[in-house]
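What follows is each chain in one-letter form.
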Amino acid sequence: AQSVTQLDSQVPVFEEAPVELRCNYSSSVSVYLFWYVQYPNQGLQLLLKYLSGSTLVESINGFEAEFNKSQTSFHLRKPSVHISDTAEYFCAVSDRLSGSARQLTFGSGTQLTVLP
Amino acid sequence: NAGVMQNPRHLVRRRGQEARLRCSPMKGHSHVYWYRQLPEEGLKFMVYLQKENIIDESGMPKERFSAEFPKEGPSILRIQQVVRGDSAAYFCASSPPGTGRTYEQYFGPGTRLTVT
């Protein structure tokens, strides 16, 4: 079984400032890692994923996340945020075991609010 | 390529009525997942289906809830005799067949169920 902890439920930040949203996970097996973004009254959109290879993954809109196996973390960062980044961000994990159900386990979410 | 479709987007039911939520996966996707998002919480896995098969229903409540994904037509999540605690947003996700990308899940906009 896995669990995901997002320690910060609310993160306010001024426009053009950097931001880091923290995600830690617990699992007895190797995992895949994901960040999803949810805008108000919409579904979740996949922001970026770590499946294998380079531990630093990037999205097309400037976010990046780094898989740190020793610290069991997958923190999300952006060097300069925009008003349009205001949304809720969910970290999720899925185990890598072949043949197992591919359910995602989500954290409780972090509401990022970008202030003008 | 249309995304995951869910309908209705909003559903109001009185206690004791039945709720039927529909999900059409993305074109070419053969895996469907249902998640529930309670207020102030992250998404919780309910069930994972492939065409005509329930693969993992470990997250489904034991009573009143059922899901299907028939050979033709959308996936249906059915809640019988709804209670106020069933009020939540229900999200459907789909993923493509084969290996490598099956851990990528694409979410629909959700159905917001309100039980009065």
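Above: the structure in question.
Reference entry: report on the structure contained in this document. No experiment lies behind these values; they were computed from the predicted model shown. (Residues numbered from 1 in each chain as written. Chains lettered and ligands numbered in written order. Predicted model: local features only at pLDDT ≥ 70, side-chain atom pairs only at ≥ 80, totals over all residues. Heavy atoms only, no water.)

## A look at the overall build of chain A
Here comes step 1: The helix and strand inventory of chain A stands at 0 helices and 12 strands.
Here comes step 2: Listing every helix and strand of chain A by position from the N terminus yields β-β-β-β-β-β-β-β-β-β-β-β.
Here comes step 3: Compactness check: chain A gives a C-alpha radius of gyration of 14 Å against a globular reference of 13 Å for 116 residues, within 12% of the reference.
Here comes step 4: Along the first, second and third principal axes, the C-alpha atoms of chain A reach 45 × 30 × 25 Å.
Here comes step 5: Considering chain A as a whole, with its 116 residues, one finds that 48% of them fall into the buried category.
Here comes step 6: In chain A, the share of contacts with a sequence separation of at least 24, taken over all contacts with a separation of at least 6, comes to 58%.
Here comes step 7: Surface summary for chain A: the accessible area is close to 5,500 Å², and the carbon and sulfur share equals 49%.
Here comes step 8: Here chain A contributes 7 positively and 10 negatively charged side chains, and the mean placements of these two sets differ by 11 Å. (Helix = DSSP H or I, 4+ residues; strand = E, 2+ residues; numbered from the N terminus. Rg over C-alpha atoms; globule rule 2.2 N^0.38 Å. Buried < 20%, exposed > 50% of the residue type's maximum accessible area, 1.4 Å probe, protein only. Contact = heavy atoms within 4.5 Å. Areas by Shrake-Rupley, 256 points an atom, 1.4 Å probe, with all protein chains shown as cover. Lys, Arg positive; Asp, Glu negative; His and termini not counted. Charge placed at Lys NZ, Arg CZ, Asp CG, Glu CD.)

## What about the overall build of chain B?
Here comes step 1: Along chain B, the regular secondary structure elements total 0 helices and 11 strands.
Here comes step 2: Its helices and strands taken in sequence order, chain B reads β-β-β-β-β-β-β-β-β-β-β from the N to the C terminus.
Here comes step 3: A compact globule built from 116 residues would reach a C-alpha radius of gyration of about 13 Å, and chain B, at 14 Å, matches this within 12%.
Here comes step 4: Projected onto the principal axes, the alpha-carbon positions of chain B cover approximately 40 × 25 × 25 Å.
Here comes step 5: Evaluated residue by residue, chain B yields a buried proportion of 46% over its 116 residues.
Here comes step 6: Across chain B, the fraction of contacts at a sequence separation of at least 24, relative to all contacts at a separation of at least 6, is 54%.
Here comes step 7: Across chain B, the mean location of the 17 positive side-chain charges is 6 Å away from that of the 11 negative side-chain charges.

## Some thoughts on unusual backbone geometry
All names here are of chain B.
Here comes step 1: Residue P8 is reached from N7 by a cis peptide bond, and omega for that bond is -5°.
Here comes step 2: Looking at where P8 falls in the secondary structure, it is placed in the loop between β1 (5-7) and β2 (10-13).
Here comes step 3: Despite not being glycine, E52 has its phi angle at roughly 65°, a positive value.
Here comes step 4: On the secondary structure map, E52 appears in the loop between β5 (43-50) and β6 (53-56).
Here comes step 5: Not every positive phi belongs to a glycine, and R64 is a case in point at roughly 75°.
Here comes step 6: Within the element layout of this structure, R64 appears in the loop between β6 and β7 (65-68).

## Quick word on the side chain of D56 of chain B
Here comes step 1: Mapped onto the elements, D56 of chain B comes out in strand β6.
Here comes step 2: It turns out D56 of chain B is buried and unbridged, and the closest side chain with the opposite charge, K62 of chain B, is 8.9 Å from it.
Here comes step 3: Within polar-contact distance, the side chain of D56 of chain B engages the side chain of Q103 of chain A at 3.2 Å. (Salt bridge = Lys/Arg side-chain N within 4 Å of Asp/Glu carboxyl O. Polar contact = N/O pair within 3.5 Å; in protein donor to acceptor, adjacent residues only side chain to side chain.)

## Considering the layout of surface pockets
Here comes step 1: Size it by volume and the largest pocket reaches roughly 460 Å³.
Here comes step 2: One number sums up the size of the second largest pocket: a volume of about 170 Å³.
Here comes step 3: What lines the second largest pocket is a set of 14 residues, among which L44, Q45 and L46 of chain A together with Y106 and F107 of chain B lie closest to the centre.
Here comes step 4: Contributing elements (two or more residues each) for the lining of the second largest pocket: β6 (44-50) of chain A together with β10 (106-107) of chain B.
Here comes step 5: Element by element, the count of residues in the lining of the second largest pocket is highest for β6 of chain A, at 3 residues.
Here comes step 6: Residue composition of the lining of the second largest pocket, by class: 8 nonpolar, 6 polar and no charged. (1 Å grid on protein atoms, 1.4 Å probe; cavity = no way out; pocket = protein on both sides within 12 Å on 5 of 7 lines; lining within 4 Å. Points joined across faces, edges and corners; volume = space filled by probe spheres on them. Nonpolar A, V, L, I, M, F, W, Y, C, P; charged D, E, K, R; others polar.)

## Here we look at the state of the cysteines
Residues and elements named next belong to chain A.
Here comes step 1: On inspection of all chains with the given rule, the structure shows 2 disulfides over all chains.
Here comes step 2: Through a disulfide, C23 is tied to C91; the S-S separation comes to 2.0 Å. Across the S-S bond linking C23 and C91, the dihedral sits near -65°, which makes this disulfide left-handed. Pair noted here: C23 is in the loop between β3 (19-21) and β4 (24-27) and C91 is in strand β10 (residues 87-95), with a separation of 68 residues, a long-range link. C91 shares its class with C23; the two are buried. (Disulfide = S-S within 2.5 Å.)

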